[in-house]
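What follows is the residue order along each chain.
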Amino acid sequence: MVRDRLDQLRAEMKKRGIDAYIVPSSDFHGSEYVGEYFKVREYLSGFTGSAGTLVVLENSAALWTDGRYFLQAARQLADSGIELMKMGESGVKNIESYLADTLKEGAVIGFDGRTVSCSFANSLTKVVGEKGMTLYGEEDLAGYVWTDRPALSAEKVWRMDEALSEPRRLKLKKLREKLAQRKCDVLLLSGLEEIAWLLNLRGNDVESTPVFLSYMIITADKALLFADIEIFDADIRAELEGDGVKLLPYEEIENVLKAESTGKRVWADKESTNFRLMGCLAGAEYIEKKRNPVVFMKAVKSEEECNGMRWAHIKDGAACVKFIYWLKTNVGKEKITELSASEKLLAFRAEQDGFIEKSFESIVGYGPHGAIIHYAPNEATDCVVEPRGLLLVDSGGHYVDGTTDITRTIVVGELTEEEKHAFTLVLKGHLRLSAAKFKYGVGGGTLDYLAREPLWAEGLDYNHGTGHGVGFVLSVHEGPQRIHSKGDNIVVTMEPGMITSNEPGLYIEGKFGIRHENLLLCVENEKTDFGRFLSFENLTMVPYDLDGIDASMLTEEEKRLLNSYHRTVCETISPFLNDEERAWLEKVTRAV
């Protein structure tokens, strides 16, 4: 089926004289997770991971993805004729270099310009331009191949409780002040999370990410919102109008943008603005292409948002504790599979007040499946959880007052010495990062070492980031901050109010996977003669599995951190449990 679809795409390419066609994972807004209409790369390649780019040539095809998906992609691309390109690995070219080295001079590179970021298009231009190659971003060729493609989502928009955030009018005022400081006349917003946050609205156009398809243009006296007008009830339309936000049809963005930007100084984020929209700014006097200010505004949570996130994590902690108790009590006594375990955890979350939906597709991997970093069970791969080894569960929820993301590696029976040693090594790094105290100005590139050092000391590592930002009832993956050993993320300073995950891991292919993940709130620590110091507050309230820990490997300080955290979990979560669950929690949070 994949080969047939690629052949149909090649036929469309040939009609237009296109030598290579690029299919990213994105939608028109640079989103990580996308609605069904935009899952073109998945349709053409069969690879279901959230990150990956397909490149189709006349007689070959290749797909680039990162370390989270190497094992999954290798399996799903088998026999497809698509070569797997492992990003970041030695000897693997990036897409730009691959095309420059593979295609002939004067070649045409095509893509749907609405799904390719300006940043990526610019990097393509720099590399292939030297060979006289041209970019063609005017057509969505996949639309000719995917004949039963789903329609664009148009789900109803709903309002956030403004008691949990700053009022929309105040956010717009602060945003305009930032535009004035940069001497910009027009701000283009394409990122769905930024628009939803700014307007205190949420939607249902992307599974597990409560956003709605939209664009915004903001000036000193205008706020234009482009979206399907029918998804807004009359009362929300009235509220928007009262705050000076004018609603226009989604498809009018290009024409209005051209008119509003001509002769003006425009701010258009090159990471979230697509190639087609950037082309609409040809008449602008000046274009500021740095990250837009809303990215940083929403990354630093308000006091109300922080309090909401704390409460969401208490409710989520109760659900997760109930799940782990159920799992460890019943494994081996009744048939439990990866899928049934995932459904049980969702049911416990659904019992909590204000639960909306999962914040991402749950990762539930037993034994060797745990080594597939972003493994999600399905009917074809689902397996029984036996009373031995490890079950890795990475999951989260959206509540009306916050978003959660937690991983616990659960001991479901007897462990090997290798499993226990690995479990404890990962925990050591996790505990060290959670206890970090650091000077203001530090970025994630510096903090990453704390989590990896115990693994690096034994020649081990994990092929993913240590931490990502988390949105407030938005995307579970949010920038601009992150904790990672690669890239230039150190330039993004950790700020009080930022919420970031702490998730080191270790994955042994064919055997097991281990990951421990909490969400951390960056907070003020102290100010001394040497400067301002920050630290982290654990938001996640779920115990680590003592059955997996070799206490002899822990330092006295690591034991203190573990015991202190477990006391807090027990005190915080016990009131939400029944008598049996409470007694169990007291036992599994005992001091080591």
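Preceding block: the structure.
Residues numbered from 1 in each chain as written. Predicted model: local features only at pLDDT ≥ 70, side-chain atom pairs only at ≥ 80, totals over all residues. Heavy atoms only, no water.

Asks: Where do I start with the overall build of the protein chain in this structure?
Replies: Scanning the protein chain from terminus to terminus reveals 18 helices and 28 strands. Computed over the C-alpha atoms, the radius of gyration of the protein chain is 24 Å, within 12% of the 25 Å expected from 2.2 N^0.38 for a compact globule of 592 residues. With respect to the principal axes defined by its C-alpha atoms, the protein chain has extents near 65 × 55 × 50 Å. The buried share of the protein chain, taken over its 592 residues, is 58%. When the accessible area of the protein chain is evaluated, it comes to approximately 24000 Å², of which 49% is carbon and sulfur surface. Each charge class in the protein chain was averaged separately, 71 positive and 94 negative side chains, and the resulting centres sit 3 Å apart. (Helix = DSSP H or I, 4+ residues; strand = E, 2+ residues; numbered from the N terminus. Rg over C-alpha atoms; globule rule 2.2 N^0.38 Å. Buried < 20%, exposed > 50% of the residue type's maximum accessible area, 1.4 Å probe, protein only. Areas by Shrake-Rupley, 256 points an atom, 1.4 Å probe, with all protein chains shown as cover. Lys, Arg positive; Asp, Glu negative; His and termini not counted. Charge placed at Lys NZ, Arg CZ, Asp CG, Glu CD.)

Asks: For this particular structure, what's the right way to read the environment of Gly497?
Replies: Along the chain, Gly497 turns up in the loop between strand 23 (478–483) and strand 24 (499–502). You can call Gly497 buried: its relative accessible area is 7%. Gly497 sits 24 residues away from Leu521 along the chain, and the two C-alpha atoms are 6.2 Å apart. The residues touching Gly497, leaving out its near neighbours within four places in the chain, are Ala299, Val300, Lys301, Cys306, Leu521 and Cys522. (Contact = heavy atoms within 4.5 Å.)

Asks: Would you mind showing me how to read the packing of aromatic side chains here?
Replies: The geometry of an aromatic ring pair comes down to the distance between the two centres and the angle between the two planes. All chains considered together, the criterion is met by 15 aromatic pairs. Judged by centre distance (5.0 Å) and plane angle (85 degrees), the ring pair of Tyr37 and Phe38 falls under edge-to-face. The pair Tyr37 / Phe38 is uniform in exposure class, with both members buried. Taking 5.8 Å as the distance between ring centres and 55 degrees as the angle between the ring planes, the aromatic pair formed by Tyr449 and Trp456 counts as tilted. Note on Tyr449: relative accessible area 45%, which makes it partly exposed. Residue Trp456 is classed as partly exposed on the basis of its relative accessible area, which comes to 37%. (Phe/Tyr/Trp six-rings, centres within 6.5 Å; stacked < 30°, edge-to-face > 60°.)

Asks: Sorry, what's going on with the pattern of salt bridges here?
Replies: Applying the stated criterion across every chain, the model contains 44 salt bridges. Arg68 is the salt-bridge partner of Asp66, the closest N and O atoms lying 2.8 Å from each other. A relative accessible area of 22% means that Asp66 is categorised as partly exposed. Among the ionic pairs, Lys322 bridges to Glu581, the shortest N-O distance being 2.9 Å. Here the residue Lys322 occupies a position in helix 13 (residues 303–330), and Glu581 occupies one in helix 18 (residues 579–588), the gap between them amounting to 259 residues. Glu581 matches Lys322 in its accessibility class, with the two residues each being buried. Members of the salt-bridge network, linked through shared partners, are Glu12, Lys15, Arg16 and Glu139. (Salt bridge = Lys/Arg side-chain N within 4 Å of Asp/Glu carboxyl O.)

Asks: It is not clear to me how the nonpolar core should be interpreted in this structure. Could you clarify?
Replies: A general trend in soluble globular proteins is that nonpolar side chains are found buried together. Counting 73 residues, the largest nonpolar core has Phe323, Phe438, Leu447, Ile573 and Leu585 as the members making the most contacts within it. Here the element with the most residues in this core is helix 13; it accounts for 10 residues. Beyond its immediate chain neighbours, meaning those up to four positions away, Leu585 contacts Val321, Pro543, Val569, Cys570, Ile573, Ser574 and Leu577. Within the second largest apolar cluster, 70 residues are counted, among which are Leu179, Leu189, Ala268 and Ile499. (Core = buried A, V, L, I, M, F, W, Y, C linked by side-chain atoms within 4.5 Å.)

Asks: Just to check I follow, could you spell out the sheet that holds strand 18 (residues 397–399) for this structure?
Replies: Strand pairing in a sheet relies on backbone hydrogen bonds, with the paired strands running either antiparallel or parallel. With antiparallel pairing, 3 strands are arranged side by side in an open sheet as 15-18-19. Unpaired on one side and paired on the other, strand 15 (355–358) and strand 19 (402–403) mark the two borders of the sheet. Examined bridge by bridge, strand 15 and strand 18 share 3 bridges and lie antiparallel to one another. Residue Glu357 lies in a different strand from strand 18, and its bridge partner there is His398. Strands in contact with helix 14 (residues 338–350) are strand 15 and strand 18; relative to strand 15, the strand with the most contacts, it is inclined by about 160 degrees. (Pairing = 2+ DSSP bridges. Axes fitted to C-alpha atoms, helices over the stretch in contact; angles between N-to-C directions.)

Asks: Just checking my understanding: could you explain the layout of surface pockets for this structure?
Replies: To locate leftover empty space, one rolls a probe as large as a water molecule over the atoms. Looking at the second largest pocket, its volume works out to about 310 Å³. Arg10, Met13, Lys14, Ile18, Asp19, Leu57, Glu58, Thr102, Leu103, Lys104 and Ala107 together form the lining of the second largest pocket. The leading source of residues in the lining of the second largest pocket is helix 1 (residues 2–16), at 3 residues. The residue makeup of the lining of the second largest pocket, split by class, is 5 nonpolar, 1 polar and 5 charged. (1 Å grid on protein atoms, 1.4 Å probe; cavity = no way out; pocket = protein on both sides within 12 Å on 5 of 7 lines; lining within 4 Å. Points joined across faces, edges and corners; volume = space filled by probe spheres on them. Nonpolar A, V, L, I, M, F, W, Y, C, P; charged D, E, K, R; others polar.)

Asks: Honestly, empty space enclosed by the protein in this entry has me stumped. Any pointers?
Replies: All told, the structure shown has 4 cavities of 30 Å³ or more when counted by the stated rule. What lines the largest cavity is a set of 14 residues, among which Val23, Val40, Asp112, Thr115 and Asp140 lie closest to the centre. Looking at which element gives the most residues to the lining of the largest cavity, the answer is strand 1 (residues 20–23), with 3 residues. When grouped by side-chain class, the residues that make up the lining of the largest cavity number 9 nonpolar, 2 polar and 3 charged. Roughly 70 Å³ of internal volume is contained in the second largest cavity. If you trace the second largest cavity, you find it lined by Cys320, Phe323, Ile324, Leu345, Val393, Ser395, Ile406, Arg408 and Ile410. Where the lining of the second largest cavity is concerned, the elements lending two or more residues are helix 13, strand 17 (390–395) and strand 20 (406–411).

Asks: Mind showing me how you'd approach the pairing of strand 17 here?
Replies: The buried fraction of strand 17 is high, at 6 of 6 residues. Neither face of strand 17 is open: one carries Leu390, Leu392 and Asp394, the other Leu391, Val393 and Ser395, and all of them are buried.

Asks: Help me understand the environment of Val256, please; the structure alone is not making it clear to me.
Replies: Relative to the assigned elements, Val256 resides in helix 10 (residues 253–261). Judged by relative accessible area, which is 17%, Val256 ranks as buried. If we skip the residues at most four places from it in the chain, Val256 touches Ile217, Leu224 and Phe226.

Asks: Would you mind going over the side chain of Asp401 with me for this structure?
Replies: Relative to the helices and strands, Asp401 resides in the loop between strand 18 and strand 19. A polar side-chain atom of Asp401 sits 3.2 Å from a polar atom in the side chain of Lys315. When residues no more than four places from it in sequence are discounted, the contact partners of Asp401 are Leu164, Gly308, Met309, Trp311, Ala312, Lys315, Phe472 and Val473. (Polar contact = N/O pair within 3.5 Å; in protein donor to acceptor, adjacent residues only side chain to side chain.)

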